[in-house]
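Architecture at a glance
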Amino acid sequence: MPQPLLKSDLSVEDYLAGEKIAEVRHELIDGETWAMSGASEAHTLITGNVYAELRQRLRGNPCIPFVLDMKLRVADNFYYPDVMVCCQEDDRKDPYYRESPILLIEVLSKSTRHYDCNHKAEVYRTLPSLQEYVLIEQDFVDVEVQRRSEGWISRHFYLGDSVPIQSLNATLPVSDIYDRVDNEDVREWLAAQAEAAS
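Below, the structure is looked at part by part.

Attention now goes to the state of the cysteines. Tallied over the entire structure, the rule returns 1 disulfide. There is a disulfide in this structure between Cys 63 and Cys 87, and the S-S distance comes to 1.9 Å. The sign of the 105° torsion about the S-S bond sets the Cys 63-Cys 87 disulfide as right-handed. Taken as a pair, Cys 63 in the loop between α2 (41–57) and β4 (64–67) and Cys 87 in the loop between β7 (83–86) and β8 (97–98) lie far apart in primary sequence, 24 residues in all. The exposure class assigned to Cys 63 is buried, which follows from its relative accessible area of 11%. The exposure class of Cys 87 is partly exposed, given its relative accessible area of 22%. There is no disulfide at Cys 86, and the cysteine sulfur nearest it, in Cys 87, is 7.3 Å away.

So this is what it looks like as structure tokens:
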């Protein structure tokens, strides 16, 4: 969940103007601004890994991946998804936010899991353009994929699996998503891989 409430009844125009000069990012939800806390090493690594993989796969493609600082507008609310992919040329009316992503990805922690899995999931699914929502745990290995075409049911992927991103006709190996991340699941998997190779 974002950090405590800073200001209420803020207009969209004032919010957007303030974010351009703010030192801390804020989400705008129902007229209230919420400060976004800093990310952990694991969160930063996972987000960077996913963005790098998508950027490589989307070279020469009209779809553009964004990471961390590009806002998502849903009605008069604004969010900062960890990773977002947008493909529509007409979704570039404003250089500071997008409105029609086909893919949204959030990296979860204990403090954000409930918010991302419930509030954000409910809001994101109202976007007609959205085809997939991906939730990635940072403290253990679990990549959850929800697709509009499958009624938003959850499918889970683990180390040794590859995650199919159908909206982009791409796959992401779970091991690449968690590259250099230090948690117990990753350590155990790397040890097993090293033992198998010896």
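And the narrative resumes.
To continue, consider the pairing of strand β11 (residues 143–147). The buried fraction of β11 amounts to 5 of the 5 residues, a majority that puts the element mostly inside the structure. Judged by which residues are buried, β11 turns out to be covered on both faces: Val 143, Val 145 and Arg 147 on one side and Glu 144 and Gln 146 on the other are all buried. Bridge analysis of strand β10 (residues 132–137) against β11 gives 5 bridges, and the strand direction is antiparallel. Each bridged residue has a counterpart across the sheet, and for Leu 135 the counterpart in β11 is Glu 144. In sequence, β10 turns back onto β11 through a hairpin of 5 residues.

Attention shifts here to the packing of aromatic side chains. Inspection of the entire model under this criterion finds 4 aromatic pairs. A centroid spacing of 5.1 Å and a plane angle of 35° characterise the contact between Tyr 15 and Phe 78, whose relative ring orientation is tilted. Taken together, the residues Tyr 15 in helix α1 (residues 12–21) and Phe 78 in strand β6 (residues 77–79) connect sequence positions 63 residues apart. We classify Phe 78 as buried; its relative accessible area is 0%. With a centroid separation of 5.9 Å and 85° between ring planes, the pair formed by Tyr 79 and Tyr 124 is classed as edge-to-face. One end of the pair, Tyr 79, is in strand β6; the other, Tyr 124, is in helix α3 (residues 113–124), with 45 residues separating them in the sequence. Both residues of the pair, Tyr 79 and Tyr 124, count as buried. Here the aromatic cluster, defined as three or more aromatic residues joined through ring pairs, consists of Tyr 15, Phe 78 and Tyr 97. Note that Arg 25 overlies the ring of Tyr 80, its terminal NZ or CZ placed 4.9 Å from the centroid.

Membership of the largest hydrophobic core comes to 29 residues, with the highest contact counts inside it found for Val 143, Leu 168 and Tyr 178. Elements with a contribution of two residues or more to this core: α2, β7, β9 (101–108), β10, β11, β13 (162–165), β14 (170–173) and α4 (174–177). If we ignore the near neighbours within four places in the chain, the residues touching Tyr 178 are Ile 46, Asn 49, Ile 136, Glu 137, Phe 140, Val 141, Asp 142, Val 143, Asn 183 and Val 186. Residues Cys 86, Leu 104, Tyr 124 and Leu 130 belong to the second largest nonpolar core, which totals 20 residues.

The rules behind each value
Position labels on residues start from 1 in each chain and follow its written sequence. For a predicted model such as this one, the threshold for reporting local features is a pLDDT of at least 70, and the threshold for listing and counting side-chain atom pairs is 80 or more; totals across whole chains, interfaces and linings nevertheless cover every residue. Note that water and hydrogens are dropped before the side-chain values are worked out from all heavy atoms of the structure. Two cysteine sulfurs form a disulfide in these notes if their separation is within 2.5 Å. Counting from the N terminus, the helices are DSSP H or I runs at least four residues long and the strands are E runs at least two residues long. Exposure categories follow from relative accessible area, calculated using a 1.4 Å probe and restricted to protein chains: below 20% of the type maximum is buried, above 50% is exposed, and the middle band is partly exposed. Any two strands are treated as partners once DSSP identifies two or more bridges connecting them. For Phe, Tyr and Trp, where Trp contributes only its six-membered ring, two rings pair if their centres lie within 6.5 Å, and the inter-plane angle classes them as stacked under 30 degrees, edge-to-face over 60, or tilted in between. Note on criteria: charge over ring means Lys NZ or Arg CZ within 6 Å of the ring centre, with the direction from the centre no more than 35 degrees off the ring normal. For this analysis, a nonpolar core means a set of buried residues of the types Ala, Val, Leu, Ile, Met, Phe, Trp, Tyr and Cys, connected via side-chain atoms within 4.5 Å. Contacts are residue-level and defined by heavy atoms, with any inter-residue pair within 4.5 Å sufficient.

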